[in-house]
Amino acid sequence: MIQSQELPIRLHHNAYVTRDQEKTRQFYEDVIGMPLVATWCESDELFGKMRTYCHTFYGMADGGALAFFQFEDPKDQEEFGPKMPGSPFHHIALAVDAGTQAAIEKRIAAAGIKPPDTYVLEHGYCRSVYVTDPNGLIIEFTRDHPEADKISRDRRADARKELTRWLAGNHTSNNSYR
């Protein structure tokens, strides 16, 4: 078994390409409440040629960030994205507490963002608010169940057994929290 000191410490950042840095800033900073913590304007030799870009970072409480690139050259912009998948199963989930989740929901509503660009799922083991950013990236803000530690211990204890069961064709739900 892998020892905890061999695991990554935390998410440093997830990076995406944005169509518009200002619309992205307005969404993440003004609507979601994640502060713009760094803007790097750079030129580097990347993938065989010089590329000039702006790289922004939006901070999370644990020091991690979501990051976005925008390229000066429209050809670079087209080559690298954004190519966000259209499936809601392709998303990034960020942990929040109840107060933060409620505040984000209020700002989403105040910004006029409505379904299908936002929705809530009560998973039982957590409550999730989903919202689509200006680039088509789906962000999930998830608040754990009050008994999250116990639930995590239970799921960790039977994770392999449950995967084996599912792969063998028994697809019954094991979510007793809904």
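Let us look at the structure shown here. Numbering of residues starts from 1 in every chain and runs along the sequence as written. Whole-chain, interface and lining totals are the exception, using all residues; otherwise, since this is a predicted model, local features are given only for residues with pLDDT of at least 70 and side-chain atom pairs are given and counted only at 80 or more. Side-chain measures here rest on the full set of heavy atoms in the structure, leaving out hydrogens and waters.

## Some points on the side chain of Thr118
Now for step 1: Helix numbers and strand numbers start at the N terminus; a helix is a DSSP run of H or I with at least 4 residues, a strand a run of E with at least 2. Among the secondary structure elements, Thr118 is positioned in strand β6 (residues 118-122).
Now for step 2: Residue exposure (1.4 Å probe, protein chains only): buried if accessible area is under 20% of the type maximum, exposed if over 50%, otherwise partly exposed. Assessed through its relative accessible area of 12%, Thr118 is described here as buried.
Now for step 3: Engagement of the side chain of Thr118 in a polar contact is seen with the backbone oxygen of Tyr130, the distance being 2.8 Å.
Now for step 4: Ignoring any residue separated from it by four or fewer positions in sequence, one finds Thr118 in contact with Ile108, Ile113, Val129, Tyr130 and Val131. Two N or O atoms form a polar contact when they lie within 3.5 Å of each other; inside protein one atom must be a possible hydrogen donor and the other a possible acceptor, and for residues adjacent in sequence the pair counts only when both atoms belong to side chains. Between two residues, a contact is recorded if the distance between any of their heavy atoms is within 4.5 Å.

## Quick word on the sheet that holds strand β2 (residues 36-46)
Now for step 1: With mixed pairing, the four strands of this open sheet are ordered in space as β1-β4-β3-β2. Sheet topology places β1 (13-17) and β2 at the edges, where each strand pairs with a single neighbour. The average undirected angle you get between the axes of adjacent strands in this sheet is 25 degrees.
Now for step 2: Pairing of β2 with strand β3 (residues 49-59), which is carried by ten bridges, proceeds in the antiparallel orientation. The residue of β3 that forms the bridge with Cys41 is Cys54. Here, strands pair whenever DSSP counts at least two bridges between them. Axis definition: a line fitted to C-alpha atoms, limited for helices to the stretch in contact. Angles are taken between N-to-C directions and run from 0 to 180 degrees.

## Topic: the nonpolar core
Now for step 1: Counting 20 residues, the largest nonpolar core has Tyr28, Ile32, Leu66, Ile108, Val131, Ile139 and Phe141 as its most contacted members.
Now for step 2: Counting only elements with at least two residues in this core, the list comes to α1 (21-32), β4 (65-71), β5 (91-95), α3 (98-110), β7 (126-132) and β8 (138-144).
Now for step 3: In terms of residue count, the dominant contributor to this core is α1 (four residues).
Now for step 4: Ignoring sequence-local partners within four residues, the contact set of Ile32 consists of Phe27, Ile104, Arg107, Ile108, Val131 and Phe141. Residues grouped as a nonpolar core are buried Ala, Val, Leu, Ile, Met, Phe, Trp, Tyr and Cys residues, joined through side-chain atoms within 4.5 Å.

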